[in-house]
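# Close look at the chain arrangement
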Amino acid sequence: MTRLRLLAGVAAATLLLAPGSAMADLQGDNLGLTPPPRDEPGLTRPFEELLAEAGHGDARAEFLVGLILQYGIGRPADVAAARGWYEKSAAQKFAPAITSLAFFHVVGLGVPRDPAKGVALLEQAAALGDLLAESNLSVLLGLGVGAPKDMPRAVALVRDAAGKGVAAAEFRLGTLYQDGNGVPADLGAARRWYEKAAAAHFAIAELMLANLYRNGKGVAVDLAAAATWYQRALAGG
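This section reports on the structure supplied with the text. (Residues numbered from 1 in each chain as written. Predicted model: local features only at pLDDT ≥ 70, side-chain atom pairs only at ≥ 80, totals over all residues. Heavy atoms only, no water.)

### Details of the overall build of the protein
The secondary structure content of the protein amounts to twelve helices and zero strands. Counted from the first residue to the last, the protein has its helices and strands arranged as α-α-α-α-α-α-α-α-α-α-α-α. Relative to its full complement of 237 residues, the protein shows a buried share of 48%. Expressed as a percentage of contacts within the protein between residues at least 6 apart in sequence, the contacts between residues at least 24 apart total 50%. Of the roughly 10,700 Å² of accessible surface on the protein, a fraction of 56% belongs to carbon and sulfur atoms. (Helix = DSSP H or I, 4+ residues; strand = E, 2+ residues; numbered from the N terminus. Buried < 20%, exposed > 50% of the residue type's maximum accessible area, 1.4 Å probe, protein only. Contact = heavy atoms within 4.5 Å. Areas by Shrake-Rupley, 256 points an atom, 1.4 Å probe, with all protein chains shown as cover.)

Right under this line is the structure:
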């Protein structure tokens, strides 16, 4: 890709990301939530082997089968069946499965939208130590979706998850600093948190960095750096 096309891409990203706030156009139907992971360790194991273990009640195997069926990894996707396996795993208090179920209920994936139920499930998973649950719960509490808005708790949750290396939380904390939402506005801090998330190849964080360098927000205008970050985001899908 030529430098000119890269810079054009950065400009397009700027138009997408600039209006209103850092999160304004990143929410959509998912409200900015991070979906169940597609790169969970164990997903490359033979499906029949995982299915046999799940059939014997192994909670992690049930969760992995759910992921495979949700995303159609190596077989047709089946959201209803995925939810059923998540429910089996969640019944054994396997926190990642509870977090996945919460996502289904909040966004209405194969079930009627029920943000309040999603929040209740995320509270349960967060209490069990699931950091993605903390990150997603922070999003909902910050928006006042499924529960009354509670920015102090939203910030506390996302700080904890970000401090423990969850890329989605690092990215979200960056948006809070960029917007001055629940924390003092600090573009330098926003950039640093975006860089942490980008180090884990979190594509939206890479786009936000491109935007900062393109517009000179918290940094000197640097079109070469903007192009580099946009290229990384593009490569990561």
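### Concerning unusual backbone geometry
Note on backbone geometry: most residues besides glycine have negative phi, and most peptide bonds are trans. Located in the positive-phi region is Lys93, a residue other than glycine, with phi close to 65 degrees. Backbone geometry places His201, a non-glycine residue, at a positive phi of 60 degrees.

### Overview of the packing of aromatic side chains
Taken as a whole and assessed by the stated rule, the structure comprises five aromatic pairs. Ring centres 5.6 Å apart and planes at 40 degrees place the aromatic pair Phe171 and Phe202 in the tilted group. Of this pair, Phe171 sits in helix H9 (residues 167-179) while Phe202 sits in the loop between helix H10 (187-199) and helix H11 (203-215), and the two are 31 residues apart along the sequence. Given the relative accessible area of 6%, Phe171 is considered buried. Here the aromatic residues Phe63, Tyr86, Phe94 and Phe104 are joined through ring pairs into a cluster of three or more. Note that Arg75 overlies the ring of Phe47, its terminal NZ or CZ placed 3.8 Å from the centroid. The ring of Trp193 carries Lys196 above its face, with NZ or CZ at 5.6 Å from the centroid. (Phe/Tyr/Trp six-rings, centres within 6.5 Å; stacked < 30°, edge-to-face > 60°. Lys NZ or Arg CZ within 6 Å of the ring centre and 35° of its normal.)

### As for the environment of Phe103
In this structure, Phe103 sits in helix H5 (residues 95-107). Separated by 19 residues in sequence, Phe103 and Leu122 have C-alpha atoms that sit 8.7 Å apart.

### Describing the environment of Asp186
Here Asp186 is to be found in the loop between H9 and H10. Its relative accessible area of 33% is what places Asp186 among the partly exposed residues. Placed 32 residues apart in sequence, Asp186 and Gly218 show a C-alpha to C-alpha distance of 8.0 Å. If near-sequence neighbours (up to four positions away) are discounted, Asp186 is found in contact with Tyr177 and Arg192.

### Description of the pattern of salt bridges
By the definition in use, this model includes eight salt bridges. Between Glu48 and Arg75 there is a salt bridge, and its shortest N-O distance comes to 3.9 Å. Here Arg75 lies in the loop between helix H3 (59-71) and helix H4 (79-91) and Glu48 lies in helix H2 (residues 47-55), a separation of 27 residues in the sequence. Accessibility expressed as a relative area gives 29% for Arg75, which makes it partly exposed. Salt-bridge contacts for Arg83 lead to Glu87; the nearest nitrogen and oxygen are separated by 3.6 Å. On the criterion of helical spacing, the pair formed by Arg83 and Glu87 is a turn pair, its members being four residues apart in helix H4. Taken together, the shared-partner salt bridges connect Arg45, Glu49 and Glu53 into one network. (Salt bridge = Lys/Arg side-chain N within 4 Å of Asp/Glu carboxyl O.)

### Some remarks on the environment of Ser138
On the secondary structure map, Ser138 appears in helix H7 (residues 131-143). Here the alpha-carbon distance between Ser138 and Arg153, two residues 15 residues apart in the chain, equals 7.3 Å. With sequence-adjacent residues up to four places away left out, Ser138 is seen in contact with Ala154, Leu157, Val158 and Arg172.

### With respect to the side chain of Ser100
Tracing the backbone shows Ser100 in helix H5. By relative accessible area, Ser100 is classed as buried at 2%. Those residues in contact with Ser100 that lie beyond four places of it in its chain are Pro36, Phe63 and Tyr86.

### Section: H4
Helix length check: H4 (13 residues) gives 18 Å between terminal C-alpha atoms against 18 Å at 1.5 Å per residue, within 8%. Turning to H4, its buried residues are Ala82, Trp85, Tyr86, Ser89 and Ala90. End-on, the buried residues of H4 take up no more than an arc of 140 degrees, which puts them together on one face. On its buried face, H4 is in contact with H2, H3 and H5. Positive phi shows up at Lys93, right after H4, with a value of about 65 degrees. (Expected span 1.5 Å × (residues − 1). Arc of directions from axis to C-beta.)

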